[in-house]
Amino acid sequence: MPEQEKLRLRNVSHVYVNDSGASLAVESLDLTIAQGEFVSLVGPSGCGKTTVLHLIAGLLQPTRGEVNMDGKRVTGPSTAVGYMLQQDYLFPWRSIGDNAAIGLEINGKLNAASRQRVGRLLEELELGGTAQRYPHELSGGMRQRVALARTLATEPDIMLLDEPFSALDMHIKLQLEDLVWSTIRGRGQTAVLVTHDLAEAAAMSDRIIVLGRNPGRIRLDLDVPDSLRAILPMEARRHPAFQPLFEQLWAQLDGDTVDVNGNGEESVEGGIRHEDEN
Ligand code: ADP
Ligand code: MG
């Protein structure tokens, strides 16, 4: 894998300011991600994972520090970045084909050729024949595949995935992990996946970053063994190298987290919140 730098966060801090005060969500984070790398961010709820994705996507500007993509500073959203979320956010009144094409439409790039590409993408994602149908006619797994098609349609270099499988049944989730992994690999995209699920991180990633409760503190930056990287997530879960990796991650998080399923909302009274690491 070429070690060309794709993304770089340099001493990035982010403070949210609202009526109830200010809250420090990310503090002095340094992170470099290579072209084509698949990186997972794991850590307790509220530790700043989604904020990091928003900063990479240019949806938020860091309070301090900078985010670079291909050596250039990120100052706003770009079509080079695709974003996939837990919810599919399909428009109920648009057909599947029109939903999948919406990014192209917004970018003014919808034409006969790109529409054909969307059709091929739907087929690739096993959604052939659904283009004329509507979101309510599809299962949750299919809808999430439409969301994936919509994200891929604009051909982004970077895929940001924020818990994209967590609302799905286990069986569908495992299938979708394989599909997402293969499409990202096949396109040579760089990916950053946020997940609660340590097994998912271990099965899908080249590298796993464990964040601590202390905002943006990296507790562990772990390279996944080559033997696991090379195979589909579903196969990785059965590989002998998988369990030791999982346990290594578990040991890191175990002492740290009490609210993996919490909403991460801690009370903020006035000043900047800054928790001590426990
Ligand atoms: P994670 O994705 O790891 O659960 P987030 O990045 O969503 O964490 O949030 C990090 C911290 O920032 C949390 O304490 C959260 O409450 C706070 N936060 C997130 N979004 C906002 C916002 N829009 N306004 C104020 N605080 C926010
Ligand atoms: Mg989040």
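Residues numbered from 1 in each chain as written. Chains lettered and ligands numbered in written order. Predicted model: local features only at pLDDT ≥ 70, side-chain atom pairs only at ≥ 80, totals over all residues. Heavy atoms only, no water.

Colleague: Honestly, unusual backbone geometry in this entry has me stumped. Any pointers?
Modeller: With the exception of glycine, most residues fall at negative phi, and the peptide bonds are largely trans. Here the phi dihedral of aspartate 70 falls at roughly 50 degrees; this positive angle occurs in a residue that is not glycine. You can see aspartate 70 is positioned in the loop between β4 (64–69) and β5 (72–73). Given the relative accessible area of 39%, aspartate 70 is considered partly exposed. One non-glycine residue, glutamate 126, lies in positive phi territory at about 55 degrees. Take glutamate 126: it is sitting in the loop between α4 (112–124) and α5 (140–153). (Helix = DSSP H or I, 4+ residues; strand = E, 2+ residues; numbered from the N terminus. Buried < 20%, exposed > 50% of the residue type's maximum accessible area, 1.4 Å probe, protein only.)

Colleague: Sorry, what's going on with the nonpolar core here?
Modeller: Looking at soluble globular proteins, one finds that nonpolar side chains tend to be buried together. Judged by nonpolar contacts, the single largest core of 30 residues is most densely connected at Leu161 and Val180. Only α2 (96–100), α4, α5, β7 (158–162), α6 (170–187) and β8 (190–194) provide two or more residues apiece to this core. The contacts of leucine 161, once residues within four sequence positions are left out, are Phe38, Leu53, Met84, Val180, Ile184, Val192, Leu193 and Val194. (Core = buried A, V, L, I, M, F, W, Y, C linked by side-chain atoms within 4.5 Å. Contact = heavy atoms within 4.5 Å.)

Colleague: What am I meant to see in the domain arrangement of the chain here?
Modeller: Frequently, the measure chosen for interface size is the accessible area removed from exposure when the parts meet. Domain annotation of the chain identifies domain 1 (1–80 + 157–278) and domain 2 (93–155). Between domain 1 and domain 2, the buried area comes to about 1,000 Å², and carbon and sulfur atoms account for 67% of it. Three residues, Thr79, Leu179 and Arg187, lead the burial of domain 1 against domain 2; their summed loss comes to 40% of the area buried on that side. For the interface between domain 1 and domain 2, the tally reads one salt bridge. (Domains from an automatic or database assignment. Buried area = accessible area lost by both parts, 1.4 Å probe. Salt bridge = Lys/Arg side-chain N within 4 Å of Asp/Glu carboxyl O.)

Colleague: It is not clear to me how the sheet that holds strand β3 (residues 38–42) should be interpreted in this structure. Could you clarify?
Modeller: Strand pairing in a sheet relies on backbone hydrogen bonds. The paired strands run either parallel or antiparallel. Strand order across the open sheet formed by six strands is β6-β7-β8-β3-β9-β10, with mixed pairing between neighbours. Across the chains shown, the open sheet's two edge strands, defined by having one partner strand only, are β6 (81–85) and β10 (218–223). Averaged over all pairs of adjacent strands, the angle between strand axes in this sheet comes to 15 degrees, irrespective of strand direction. Sheet topology places β3 next to β8; four bridges connect them, and they run parallel. By the bridge assignment, serine 40 is partnered in β8 with leucine 193. In the packing of helix α1 (residues 49–57) onto the sheet, contacts are made with β3, β6, β7, β8 and β9 (207–211), and the angle to β7 comes to roughly 155 degrees. α6 contacts β3, β7 and β8 of the sheet and is inclined by roughly 160 degrees relative to β7. (Pairing = 2+ DSSP bridges. Axes fitted to C-alpha atoms, helices over the stretch in contact; angles between N-to-C directions.)

Colleague: Hey, could you run me through the pairing of strand β2 (residues 21–34) in this one?
Modeller: Remember that side chains alternate between the two faces of the sheet whenever the strand is regular. Across the 14 residues that make up β2, a large majority, ten, are buried. The sheet contact formed by strand β1 (residues 5–18) and β2 spans ten bridges and is antiparallel. Along β2, the bridge assignment pairs glutamate 5 with alanine 34.

Colleague: Just to check I follow, could you spell out the packing of aromatic side chains for this structure?
Modeller: Think of a pair of aromatic rings as described by two things: how far the centres are apart, and how the planes are tilted against each other in angle. All told, the structure shown has one aromatic pair when counted by the stated rule. Between the aromatic rings of phenylalanine 91 and tryptophan 93, the centroid separation amounts to 5.1 Å while the plane-to-plane angle is 35 degrees, which identifies the pairing as tilted. The partly exposed category is assigned to phenylalanine 91, whose relative accessible area is 32%. (Phe/Tyr/Trp six-rings, centres within 6.5 Å; stacked < 30°, edge-to-face > 60°.)

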